Amino acid sequence: MGLAGACASREPCVAPPDVPALTGVEGGAFLSAEGPFLPRGVNSYPLLDHTGWGRFDEVDEIFTQAVELGRPLVRTGAYMTAGTNPARLRDADGAIREEGLEALDDVVARAAEHGVQLLLVTANHWPNYGGAPAVLEAVAPGEELPVEAFYADPRAIDHQRAFLETLATRVNTVNGRAYADDPTIVWELANEARCTNGAYCDDDTLARWAQTMGRALRDAGATQPIAWGGQGFLGAWGEDLERIAQVDEVDILTVHLYPDHYGAQTFELGSGADRVPAAIRYGASFIHDAARVARESDKALLVEEAGWRSEAATRDDERAIVLGAWARVAADVSAGFLPWMIAERDRPDYDGYLIRPESEPRTAEVLRCD
Amino acid sequence: MRLKAVVGLAAALGLALVASRADAQSLLYRPAAPSAGVSGFADVRYQRVDLGESELHAGQLGLEVEGRALPHPQLELGARWGVRASLVVLDELGDRARMGLPPLTVFVGTGGRVDEVLSLGLRLMTGASFALLGVDDLSSNGEHAFAALEGALAARWPVVSLEARVALGVAYAGSTAVSGILRAGAGADFGETTWPLRPYVGATLAFATDMDLGGELLLGATARVDDAPIRFGVGFSPWLDPSANVVRVWLAINAPIDDGPP
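Residues numbered from 1 in each chain as written. Chains lettered and ligands numbered in written order. Predicted model: local features only at pLDDT ≥ 70, side-chain atom pairs only at ≥ 80, totals over all residues. Heavy atoms only, no water.

**Some words on the environment of Q231 of chain A**
All names here are of chain A.
No. 1: Secondary-structure assignment places Q231 in the loop between strand 9 (226-227) and helix 7 (241-244).
No. 2: Residue class for Q231 comes out buried when judged on its relative accessible area of 3%.
No. 3: Sequence spacing of Q231 and V255 is 24 residues, and the spatial spacing of their C-alpha atoms is 4.6 Å.
No. 4: Beyond its immediate stretch of four places on either side in the chain, Q231 contacts E192, R194, E239, T254, V255, H256, Y262 and F286.
No. 5: Engagement of the side chain of Q231 in a polar contact is seen with the side chain of R194, the distance being 3.0 Å.
No. 6: A polar atom in the side chain of Q231 sits 3.1 Å from the side chain of Y262. (Helix = DSSP H or I, 4+ residues; strand = E, 2+ residues; numbered from the N terminus. Buried < 20%, exposed > 50% of the residue type's maximum accessible area, 1.4 Å probe, protein only. Contact = heavy atoms within 4.5 Å. Polar contact = N/O pair within 3.5 Å; in protein donor to acceptor, adjacent residues only side chain to side chain.)

Here you go:
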């Protein structure tokens, strides 16, 4: 019984805006060669995966989509560990693989050819593509360390520092550019870091880790901005954005918005009231809280993941409004906005958040124009 | 504690209804078991989210019917269902209209009159929507399922009736979206019970694990038409409610189908 909404009552936006590349952060503002600006981007995690299996058309397709949406900052993973993909950057024993690095070279070079900038996520709290658990198994085989040890165990810290040094000192074998000052690259420390295990975590564990890893990148010569990568919690799950904001080596604070993942967005029991207004309100409040922290610490802010699921016929209308609302709030507080996510056209929607511009025209227009 | 059937279970559970979603169904009526009754509920709400340079406006209309039976003085069985419509508008960005079914709720309760003044009620409720079955298009886009335990206490004096209620529940909205919800409320009817219209004032405070605190002030009246109580009123959220509610207008009508043996 979903009813399609009325058409947007404004002129359709057919040409995406011209978006410069992010070159730095100063005084909490994102900078390009032309001055302060707001980054526009989108998430797409399978780029390295596709490259490993030789699916270069899919990589090109994703970059083309990003450019057509006017969102040329693409956030993607650069931490693949273990498994069988030829593009894995580290084996199960932690050894860095040149073949994997060459695959990453290819992703970075293709991005540059498309006019796309990459926000490279260099670690993942979760086990997808290996993530922190795989690194812990590599540095402490058989010890079955909890994931929080990734942020506190000296072996894991040393290993990750060495990995970042390898990346930052690398010269791209495809286009000859040094990773350390390649304008295609923006660095990110870790996706959704959490630290709640009392044996490994205190209030400052994640901030100390961020400082260590940020310093590793800078010491290796990296000149590009460095983003945090966390969800933006103010004390939940061991992440305190205010403490992260005190880390000099972090230029960009981050927020992830998935209210339909955290709870039911209701105070009522059984009313069935539409969750959309409450979800938008939640996201707006979350962004404002993070923006306050960013403002007070002269950091920039990226709403670097934002998603809304719906299986109803009103999915396109609903996503357009939810993502559009959050994008407006983000712009209002000078934060960049990167919805989750785009991929190749025939990719299954594994998590319910995949945006297909060709079948969600209203959402695509909002992402292109707002 | 002696439980009497005369003004008993259903009345107390009418109070327990106050702890449920419409928050206004503190309907006092006088069935004797075994008996049955039906209630109708309507609520219209306006929600607003300030997005800085733009605003989100939303309106929702909910209509529900509840049927209940009291096969025993201390046992109530019932079910409730309805339909909800929602319209969300974001400035010139467009709108989204949607209509669907809220969770089908079933409940079992007990309680009754403690003495001439006090009544107690306890109700266990659960419900599921079509979204739980993956049929999102039939859902009103609310929670997929929920379960709750409600307790209510009422005290009646000649010129004022007081009620208090508390509900603890959990709501599920798919995947890992689970919320714990605690609701507490109180209200009062003023005036002689013989009056055709009695003013009502109430307040509800709620805590949800994903949204922190919310609340509502309620102003309305309880009428009695042919011995069937009708309550209507307006609810205001005194601060920016995380659920975005600004104002809500509600109506609850209760009618016995069978008052039981004389």
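**What to know about the packing of aromatic side chains**
All names here are of chain B.
No. 1: Summed over the entire model, instances satisfying the criterion amount to 12 aromatic pairs over all chains.
No. 2: Summarising the aromatic geometry, the rings of W81 and F130 are spaced 6.3 Å apart at their centres and angled 25° between planes, so their arrangement reads as stacked. You can see W81 sitting in strand 3 (residues 75-90) and its partner F130 sitting in the loop between strand 6 (118-128) and strand 7 (145-156), a full 49 residues away along the chain.
No. 3: Owing to a relative accessible area of 33%, W81 belongs among the partly exposed residues under this scheme. (Phe/Tyr/Trp six-rings, centres within 6.5 Å; stacked < 30°, edge-to-face > 60°.)

**Some thoughts on the packing of helix 4 (residues 131-139) of chain A against helix 5 (residues 154-168) of chain A**
All names here are of chain A.
No. 1: It is the contact of helix 4 with helix 5, at a shortest axis distance of 9 Å, that shows an interaxial angle of 110°. The orientation of helix 4 relative to helix 5 falls into the category roughly perpendicular. Here helix 4 contributes V135, L136 and V139 to the contact with helix 5, which in turn contributes R155, A156 and H159.
No. 2: Considering only residue class, the contact of helix 4 with helix 5 consists of four nonpolar, one polar and one charged. (Axes fitted to C-alpha atoms, helices over the stretch in contact; angles between N-to-C directions. Parallel < 35°, antiparallel > 145°, perpendicular 65-115°, else oblique. Nonpolar A, V, L, I, M, F, W, Y, C, P; charged D, E, K, R; others polar.)

**Some points on the side chain of N172 of chain A**
Residues and elements named next belong to chain A.
No. 1: Structurally, the position occupied by N172 is in the loop between helix 5 and strand 8 (185-188).
No. 2: At 3.1 Å, the side chain of N172 forms a polar contact with the backbone oxygen of D105.
No. 3: Aside from chain neighbours lying at most four places away, what touches N172 is D105, V108, A109, R177 and Y179.

**Considering the interface of chain B and chain A**
No. 1: Each partner contributes residues to the interface: chain B has 68 residues there, and chain A has 49 residues.
No. 2: Counting the surface lost from both chain B and chain A, the interface buries some 4800 Å², and carbon and sulfur atoms represent 57% of this.
No. 3: Taken together, the links from chain B to chain A amount to five salt bridges.
No. 4: Put simply, chain B and chain A have 24 residue pairs in polar contact (both at pLDDT 80 or more) between them.
No. 5: Per-element accounting of the side of chain B that touches chain A gives the leading share, seven residues, to strand 4 (residues 94-100) of chain B. (Buried area = accessible area lost by both parts, 1.4 Å probe. Salt bridge = Lys/Arg side-chain N within 4 Å of Asp/Glu carboxyl O.)

**Examining the nonpolar core**
No. 1: In this structure, L118, W209, W228 and I280 of chain A are the most contacted members of the largest nonpolar core, which totals 111 residues.
No. 2: For this core, the element with the most residues is helix 9 (residues 276-297) of chain A, which contributes 11 residues.
No. 3: In this structure, A264 of chain A together with F107, F146 and I181 of chain B belong to the second largest nonpolar core, which totals 16 residues. (Core = buried A, V, L, I, M, F, W, Y, C linked by side-chain atoms within 4.5 Å.)

**Section: the sheet that holds strand 3 (residues 29-32) of chain A**
Residues and elements named next belong to chain A.
No. 1: In spatial order, the strands read 2-3-4; together these three strands make up an open sheet with antiparallel pairing. Edge positions in the open sheet fall to strand 2 (24-26) and strand 4 (35-36), since each of these has one partner strand only.
No. 2: Note: strand 2 against strand 3, three bridges, orientation antiparallel. Directly across from G24, in strand 3, lies its bridge partner L31. (Pairing = 2+ DSSP bridges.)

**Some thoughts on the pairing of strand 3 of chain A**
Successive side chains on a regular strand alternate, one facing one side of the sheet and the next facing the other.
Residue and element names in this part refer to chain A.
No. 1: The alternating pattern of strand 3 places F30 and S32 on a buried face and A29 and L31 on a face that is not buried.
No. 2: What sits between strand 2 and strand 3 in their antiparallel hairpin is a turn of two residues, with G27 showing a positive phi close to 60°.
No. 3: In this structure, strand 3 lies alongside strand 4, joined through two bridges in antiparallel fashion. Residue pairing across strands places S32 opposite G35, the latter belonging to strand 4.
No. 4: Here strand 3 folds back onto strand 4, and the loop between the two strands holds two residues.

**Side note on the confidence of the model for chain A**
No. 1: This prediction gives chain A a mean pLDDT of 94; 96% of its residues lie at or above 70.
No. 2: Considering only residues more than four positions removed or in separate chains, one finds that residues 1-9 of chain A, a stretch of pLDDT under 50, has 26 contacts. (pLDDT = per-residue confidence, 0-100.)

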